[in-house]
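Chain by chain, the residues:
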Amino acid sequence: MYVLELVGQDDRFAAAEAATAASDVTPIAAGLATARGLDDGFETLALTHRAAELVGTTDASLDSAAVLLEAAGIDRDGTVAVRARDVRSTAGIDTQAAERRLGQVLVDRGFEVDLEDPDHVLQAFFAGADDASAVDADRDTADIEPVAPGDDGLCALGWLAVETDRDFADRQPTDRPFFQPGSMDPALARALVNLAGAGPGTTVLDPMCGTGGLLLEAGRVGATPIGGDAQRKMVRGAGENLRALLDGQWHVYRGDAGRVPIADDSIDAVVFDAPYGRQSKIEGDLDTLVADALAEARRVAARAVVVGDRPWNDAAESVGWTVESTFQRRVHRSLVRHVAILQSRTDGV
Ligand SMILES: C[S@@+](CC[C@H](N)C(=O)[O-])C[C@H]1O[C@@H](n2cnc3c(N)ncnc32)[C@H](O)[C@@H]1O
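Residues numbered from 1 in each chain as written. Predicted model: local features only at pLDDT ≥ 70, side-chain atom pairs only at ≥ 80, totals over all residues. Heavy atoms only, no water.

The name an unreviewed UniProt entry assigns to the chain is tRNA (guanine(10)-N(2))-dimethyltransferase, from the organism Halapricum desulfuricans. Taken from UniProt, the Subcellular location (unreviewed entry) comment for the chain reads in full: "Cytoplasm". Per UniProt, the chain has the following entry under Subunit (unreviewed entry): "Monomer." (UniProt positions renumbered as here; feature names shortened; annotations may be inferred.)

Rendered as structure tokens:
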């Protein structure tokens, strides 16, 4: 069993992404979840910081954490260090005091401390009870069951197993050779391609690729990205970005998302950020454009992720998709991104 430290404020979204690379992901407190096992690709997750092999959980007090560690079975040799986290600053714990206290327990149990280069890192996650509502917020699918922490908050102790690769999050769209306002944040793009099932050996299409943010992240997790856009400027710009920032194969083309130059059922997933209503660069009607793009996506792949400034669920269902789950991401006061994870329906539509 592992404990996962989640990124951001939306645990349901983070847990859904984590579930693409871990089994039985279950939120246990704001910012924390457990998982039974970790799969390949775990280190590519955007919305999980790290996973630790669970020692145990208790209430969020130092005394309880120390008692838990004193009694825990520890099947490890070598040097240790303790890292304590007050997850989302909800527990009000003094993390340095926690590190000293838990470090002393380990010293008393015969371990040598090495803060520079330890063989094992014990993570102590403290989460308060106050923010428990975040665990339950905005749920509309039953596949990930939340468990609220007790009144005294929750402390989870675990041995650090995997830290996710955070490099991509430091690279902003403004640093790329080709930038346009409205480019998607790399962390969201990474989460979306993971939710689409991108990974080594897969092929992922973004038929409205814009500056290529989704393509870059699909490529970085090992997929072969294919991008299309109606605007010549975007196709050229996405190509510039991919050439500069991605090793490995990729393809871009100019074309209409309603007529994709790809054979039936020949790729793994489609992911796209549909134009927003207030955006000017749309020829024709937005409803028709997105409906046609969803139908084409269904023709070429069995899985898709669609993002828009409104829910496209009905349009997706009417062309043969099942909406597996939906999420909302607030960008600013007047823009909420709606995310839908789509799976092909096999009832002949
Ligand atoms: C919301 S933007 C995508 C932004 C992108 N995710 C990014 O980070 O740059 C939508 C894109 O759809 C393109 N588009 C609009 N109508 C299209 C159509 N019929 N076929 C293909 N692309 C289209 C626009 O040119 C624009 O680049």
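And the narrative resumes.
Student: Please clarify how the sheet that holds strand β6 (residues 48-58) should be interpreted in this entry.
Tutor: Sheet strands pair by backbone hydrogen bonding; their relative direction is either parallel or antiparallel. Strand order in this open sheet of seven strands is β3-β4-β1-β6-β9-β8-β7, and the pairing throughout is mixed. On the outer flanks of this sheet lie β3 (26-29) and β7 (80-86), each paired with one strand and no other. Going from strand to strand, the sheet's axes swing by 35 degrees on average, the running direction of each strand aside. Pairing geometry for strand β1 (residues 2-6) and strand β4 (residues 32-35), over four bridges, is antiparallel. Opposite Tyr2, over in β4, you have Ala35 as the bridge partner. Its contacts with the sheet put helix α1 (residues 11-18) on β1, β3 and β6, and the angle it makes with β1 is roughly 130 degrees. Contacting β6, β8 (120-127) and β9 (154-163), helix α2 (residues 62-71) runs over the sheet at an angle of about 80 degrees to β6. (Pairing = 2+ DSSP bridges. Helix = DSSP H or I, 4+ residues; strand = E, 2+ residues; numbered from the N terminus. Axes fitted to C-alpha atoms, helices over the stretch in contact; angles between N-to-C directions. Contact = heavy atoms within 4.5 Å.)

Student: How should I be thinking about the packing of α1 against helix α6 (residues 186-196) in this particular structure?
Tutor: Each packed pair of helices is defined by two parameters, the angle between the axes and the distance between the axes. Interaxial distance between α1 and α6 falls to 9 Å at its minimum, and their mutual angle equals 50 degrees. As judged from the angle between their axes, α1 and α6 are oblique. Note that α1 runs across α6; the crossing there is left-handed. The segment α1 lies against α6, with Phe13, Ala16 and Glu17 engaging Leu188, Arg190, Ala191, Leu192, Asn194 and Leu195. Of the residues assigned to the contact of α1 with α6, the class counts are six nonpolar, one polar and two charged. (Parallel < 35°, antiparallel > 145°, perpendicular 65-115°, else oblique. Left-handed = near helix turned anticlockwise from the far one by under 90°. Nonpolar A, V, L, I, M, F, W, Y, C, P; charged D, E, K, R; others polar.)

Student: Is there a simple way to explain the site of the ligand in this structure?
Tutor: Residues in close proximity to the ligand total 20 residues, the closest being Met184, Thr211, Asp229, Gln231 and Ala257. Met184 is positioned such that a nitrogen or oxygen atom in its backbone is 3.0 Å from an oxygen atom of the ligand. In this structure, Thr211 approaches the ligand through a side-chain N or O atom, which is 2.8 Å from an oxygen atom. Considering the ligand on its own, with 610 Å² of exposed area, one finds that the protein chains cover 93% of that surface. (Near = heavy atom within 4 Å. Polar contact = N/O pair within 3.5 Å; in protein donor to acceptor, adjacent residues only side chain to side chain. Areas by Shrake-Rupley, 256 points an atom, 1.4 Å probe, with all protein chains shown as cover.)

Student: What is the right way to read the sheet that holds strand β13 (residues 269-273) from this model?
Tutor: Strand order across the open sheet formed by seven strands is β12-β11-β10-β13-β14-β16-β15, with mixed pairing between neighbours. The open sheet has two edge strands, β12 (251-254) and β15 (321-332), and neither has a second partner. Within this sheet the neighbouring strands show an average axis-to-axis angle of 15 degrees, counted without direction. Judged from the six bridges that link them, strand β14 (residues 303-308) and strand β16 (residues 335-344) form a sheet pairing that is antiparallel. Of the residues in β16, the one forming a bridge with Ala304 is Leu342. Strands β13, β14, β15 and β16 of the sheet are contacted by α6, whose axis makes an angle of about 150 degrees with β14. In this fold helix α9 (residues 286-300) packs onto β10 (203-206), β13, β14, β15 and β16, with an angle of close to 160 degrees to the strand it touches most, β13.

Student: Help me understand helix α7 (residues 213-220) in this model?
Tutor: Each α-helix winds once per 3.6 residues, and so residues spaced three or four apart point in a common direction. Extensive coverage of α7 is indicated by the burial of seven of its eight residues. Within α7, the full set of buried residues consists of Gly213, Leu214, Leu215, Leu216, Glu217, Ala218 and Gly219. Immediately beyond the C-terminal end of α7, within one or two residues, lies Gly222, with a positive phi of roughly 105 degrees. (Buried < 20%, exposed > 50% of the residue type's maximum accessible area, 1.4 Å probe, protein only.)

Student: Would you mind going over the environment of Thr48 with me for this structure?
Tutor: Assignment of secondary structure puts Thr48 in strand β6. Under the relative-accessibility criterion, Thr48 is labelled buried at 0%. Linking Thr48 and Ala156, residues 108 residues apart in sequence, is a C-alpha distance of 16 Å. Filtering out sequence-adjacent residues up to four positions away, Thr48 remains in contact with Leu4, Glu5, Leu6, Val7, Glu17, Ala18, Phe42, Thr164 and Arg166.

Student: Whenever I open this one, α6 confuses me. Can you help?
Tutor: Summarising burial for α6: eleven of the eleven residues are buried, a large majority. Here α6 has its buried residues at Pro186, Ala187, Leu188, Ala189, Arg190, Ala191, Leu192, Val193, Asn194, Leu195 and Ala196. With its phi angle positive at about 95 degrees, Gly197 sits one or two positions after the end of α6.

Student: Would you take a moment to explain the pairing of β12 for this structure?
Tutor: Consecutive residues of a regular strand have side chains that alternate between opposite faces of the sheet. By the bridge criterion, four bridges tie strand β11 (residues 224-229) to β12 in an arrangement that is parallel. What sits directly across from Gly228, in β12, is Tyr253. Between the parallel pair β11 and β12, the chain is carried across by helix α8 (residues 232-245), and the sense of this crossover is right-handed. (Right-handed = clockwise from strand over helix to strand, strands pointing away.)

Student: I'm lost on the nonpolar core in this one. Help?
Tutor: A general trend in soluble globular proteins is that nonpolar side chains are found buried together. Of all hydrophobic cores here, the largest spans 43 residues; its most connected members are Leu4, Phe13, Val25, Leu192, Val271, Val305 and Val339. With eight residues, α6 is the single largest residue contributor to this core. Setting aside residues no more than four positions away along its own chain, Val271 makes contact with Leu192, Val193, Ala196, Val204, Leu205, Asp206, Pro207, Leu214 and Val305. One finds Ile226, Leu286, Ala301 and Trp321 within the second-largest nonpolar core, a separate group that totals 29 residues. (Core = buried A, V, L, I, M, F, W, Y, C linked by side-chain atoms within 4.5 Å.)

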